[in-house]
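Structural description and commentary
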Amino acid sequence: MEARRITDILRNGQPDETVTVQGWVRTKRELKGFAFLEINDGSSMANLQVILNGDLPDYEPLLKQITTGSSVEAIGLLVPSQGKGQRIELQPSSVRVYGGCDPETYPLQKKRHSFEFLRDIGHLRARTNTLGAVFRVRNACASAIHQFFQERGFLWVHTPLITASDCEGAGELFAVTNLNLKEIPRLENGEIDYSQDFFGKPAYLTVSGQLEAEIMAMSFKDVYTFGPTFRAENSNTSRHLAEFWMIEPEKAFCDLEGDMNLAEDFLKYVFNSVLNTCPEDLEFFNQRIDKTVLATAENIVSNQFERISYTEAVELLLKCDRAFEFPVEWGVDLQSEHERYLAEELFKKPTIVYNYPKDIKAFYMRLNDDGKTVAAMDVLAPKVGEIIGGSQREERLDRLEQRMAEMDIPQEELWWYLDLRRYGTVPHAGFGLGFERLVQFMTGMNNIRDVIPFPRVPLSAEF
Ligand code: ATP
Ligand code: MG
């Protein structure tokens, strides 16, 4: 008989149904003549209670084999539960232990473990309540993101992970090479001879799929990427990973306002969807991790986001009586403390800041008529700060060339990007969203390393 998921049994199982369950033992409680097991298969926070009766064949040896962490299959009848806390429980007529689990050495004991400790046992931590809930929410979130775009006719495009254009994120790039590092071929002048490397030139892991997404938007109108991104972030923060997932929609025939609307609709849709698919998990986060999780989610779903220009934001920051570590003046990039002040304390909801000074933004952002600012926007979220960064792209060839020249961006390398402005150019806009930042925001988890199964950070690539 096909095993049923525990979430399904807890929700839909009826007394006198015969079911098979498979999972891992969370706890065992022995009483006189019988024992209680709590079994979990990852499908829900709640465990299935299983009552082992003393008249089961080989009861005593079976009970010895079953320990916390062991894997079991139980087949039997569902019965109404006498105890509190669950509607239904299982009284198996047969139980099979697949793999035992030595209680002396099993690192997951029944006490609370710190997240730091759990990171060291990344191969086992998904079996804990919190990480289990995180990865279910992460999955629901990914699914909602695809649904949002697919319902609106966006094409999911797969942009390359290896790229040879290094115009963005200099200093944060991971090199990709198959040169023999013990014997690097060199030119006469001592520089590395990349003509002998795999691609015949320097190559890197991508820091963003945006430029390629723009290519695809110029024939499919509305596209999005959803894939891994790499940055050699040397800072050890609770918000940066070296390998993270990014979502980057790109929309043709769209301006900055359309872009802000898309970002707001997107966040509302995804939060609403996860509230509906993972209510127990979010409830758990709200109780155990961050008491504002549910209120924040409701706030996002039901309120209009605040929208202010960068210039207005700077004025507000100058006016407030807060002593910031980094002083504010027109022209500087907003720091996390400023972003959090705006979203968390002043407006108490997601806040979109738009029209940033051109000198602190990327070359491809569209120059505004004031000549000083570009049509960029950031969505700032309470607790996490910047969660989405986007812009209308410069679609005018002459302006783009001028901007690239000013910023020393080599035009030869991006000939294809300029070509898009020669052949059927159109106003277009998009944004980038760090997937893990979104999951962090949604769950209230403090450290980004605890919302991705296998975090990659400086000096750590275990598992
Ligand atoms: P930050 O200022 O936080 O470093 P950024 O300005 O470098 O962010 P962008 O280049 O705009 O970020 O990248 C788009 C999005 O990707 C960000 O809004 C953020 O959600 C996410 N992001 C950026 N860097 C990382 C990282 N190292 N780990 C996880 N997510 C990241
Ligand atoms: Mg950064």
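Observations regarding the pairing of strand β3 (residues 48-53)
For β3, the buried fraction is high: five of the six residues fall into the buried class. One ladder, built from six bridges, connects strand β2 (residues 34-40) with β3; its direction is antiparallel. Paired with Ile39 across the two strands is Leu48, which belongs to β3.

Observations regarding the sheet that holds strand β7 (residues 162-163)
One open sheet holds the three strands; their spatial order is β7-β9-β8, and the pairing between them is antiparallel. Only two strands of the sheet have a single partner each, and these edge strands are β7 and β8 (175-176). Relative to strand β9 (residues 203-205), β8 is paired through two bridges, and the arrangement is antiparallel. Residue pairing across strands places Ala175 opposite Tyr204, the latter belonging to β9.

Here's the deal with unusual backbone geometry
Of note in this structure, Lys221 is not a glycine but carries a positive phi near 65°. Turning to its location among the elements, Lys221 is positioned in the loop between α5 (210-220) and β10 (222-230). With phi around 55°, Lys348 is a residue other than glycine that occupies positive phi space. Structurally, Lys348 can be placed in the loop between α10 (336-346) and β13 (351-357). Residue classification places Lys348 among the exposed positions, given a relative accessible area of 55%.

A short note on helix α11 (residues 397-406)
For α11, every residue scored as buried is listed here: Leu400, Arg403 and Met404. In an axial view of α11, the angular spread of the buried residues amounts to 100°, which keeps them on one side of the axis. Packed against the buried residues of α11 are α12 (415-422). Asp408 sits one or two residues past α11 and shows a positive phi near 60°.

Section: the site of ligand 1
Close to ligand 1 lie 13 residues; Arg231, Glu233, His240, Leu241 and Glu386 are nearest. Within the side chain of Arg231, an N or O atom sits 3.0 Å from an oxygen atom of ligand 1. The contact in question runs from an oxygen atom of ligand 1 to an N or O atom on the side chain of Glu386, over 2.9 Å. Those elements that provide at least two residues to the shell around ligand 1 are β11 (243-252) and β15 (385-392). A total of three residues in the shell around ligand 1 trace back to one element, the largest contributor, which is β15. The residue makeup of the shell around ligand 1, split by class, is five nonpolar, three polar and five charged.

A few points about the layout of surface pockets
If you add up the space inside the largest pocket, you get close to 1,400 Å³. Around the largest pocket sit 49 residues that line it, and Arg26, Met45, Asn47, Thr128 and Asn129 are the ones nearest its centre. The element contributing the most residues to the lining of the largest pocket is strand β1 (residues 18-31), with six residues. Taken together, the residues that form the lining of the largest pocket break down as 17 nonpolar, 17 polar and 15 charged.

Focus: the sheet that holds strand β14 (residues 373-381)
The eight strands are arranged β6-β10-β11-β16-β15-β14-β13-β12 in an open sheet whose pairing can be described as mixed. Strands at the two margins of the open sheet, each flanked by one partner only, are β6 (155-156) and β12 (306-309). As judged from the five bridges shared by β11 and strand β16 (residues 428-434), these two strands associate in the antiparallel manner. Looking at β16, one finds that Ile247 is bridged to Leu433. Set on the sheet, helix α6 (residues 256-277) makes contact with β11, β12, β13, β14, β15 and β16; between it and β14 the angle comes to about 10°. Here helix α9 (residues 310-319) sits on the sheet and contacts β12 and β13; the angle it forms with β12, its principal contact strand, is near 95°.

Concerning the pattern of salt bridges
Throughout the structure, instances matching the rule amount to 23 salt bridges. Two residues, Asp450 and Arg119, come together in a salt bridge whose shortest N-O distance is 2.9 Å. Residue Asp450 is found in the segment after α13 (435-443), and its partner Arg119 is found in helix α3 (residues 115-120); the two are separated by 331 residues along the sequence. The pair Asp450 / Arg119 is uniform in exposure class, with both members buried. The residue Arg307 makes a salt bridge to Glu264 at a minimum N-O spacing of 3.0 Å. Residue Arg307 is found in strand β12, and its partner Glu264 is found in helix α6; the two are separated by 43 residues along the sequence. Here Arg307 falls in the partly exposed class, since its relative accessible area comes to 26%.

Regarding the environment of Asp193
Looking at where Asp193 falls in the secondary structure, it is placed in the loop between β8 and β9. Here the alpha-carbon distance between Asp193 and Ser302, two residues 109 residues apart in the chain, equals 57 Å. If sequence neighbours within four positions are ignored, Asp193 has contacts with Pro185, Arg186 and Leu187. In this structure the side chain of Asp193 is engaged in a polar contact, spanning 2.5 Å, whose partner is the side chain of Ser195.

The rules behind these values
Residues numbered from 1 in each chain as written. Chains lettered and ligands numbered in written order. Predicted model: local features only at pLDDT ≥ 70, side-chain atom pairs only at ≥ 80, totals over all residues. Heavy atoms only, no water. Buried < 20%, exposed > 50% of the residue type's maximum accessible area, 1.4 Å probe, protein only. Helix = DSSP H or I, 4+ residues; strand = E, 2+ residues; numbered from the N terminus. Pairing = 2+ DSSP bridges. Arc of directions from axis to C-beta. Contact = heavy atoms within 4.5 Å. Near = heavy atom within 4 Å. Polar contact = N/O pair within 3.5 Å; in protein donor to acceptor, adjacent residues only side chain to side chain. Nonpolar A, V, L, I, M, F, W, Y, C, P; charged D, E, K, R; others polar. 1 Å grid on protein atoms, 1.4 Å probe; cavity = no way out; pocket = protein on both sides within 12 Å on 5 of 7 lines; lining within 4 Å. Points joined across faces, edges and corners; volume = space filled by probe spheres on them. Axes fitted to C-alpha atoms, helices over the stretch in contact; angles between N-to-C directions. Salt bridge = Lys/Arg side-chain N within 4 Å of Asp/Glu carboxyl O.

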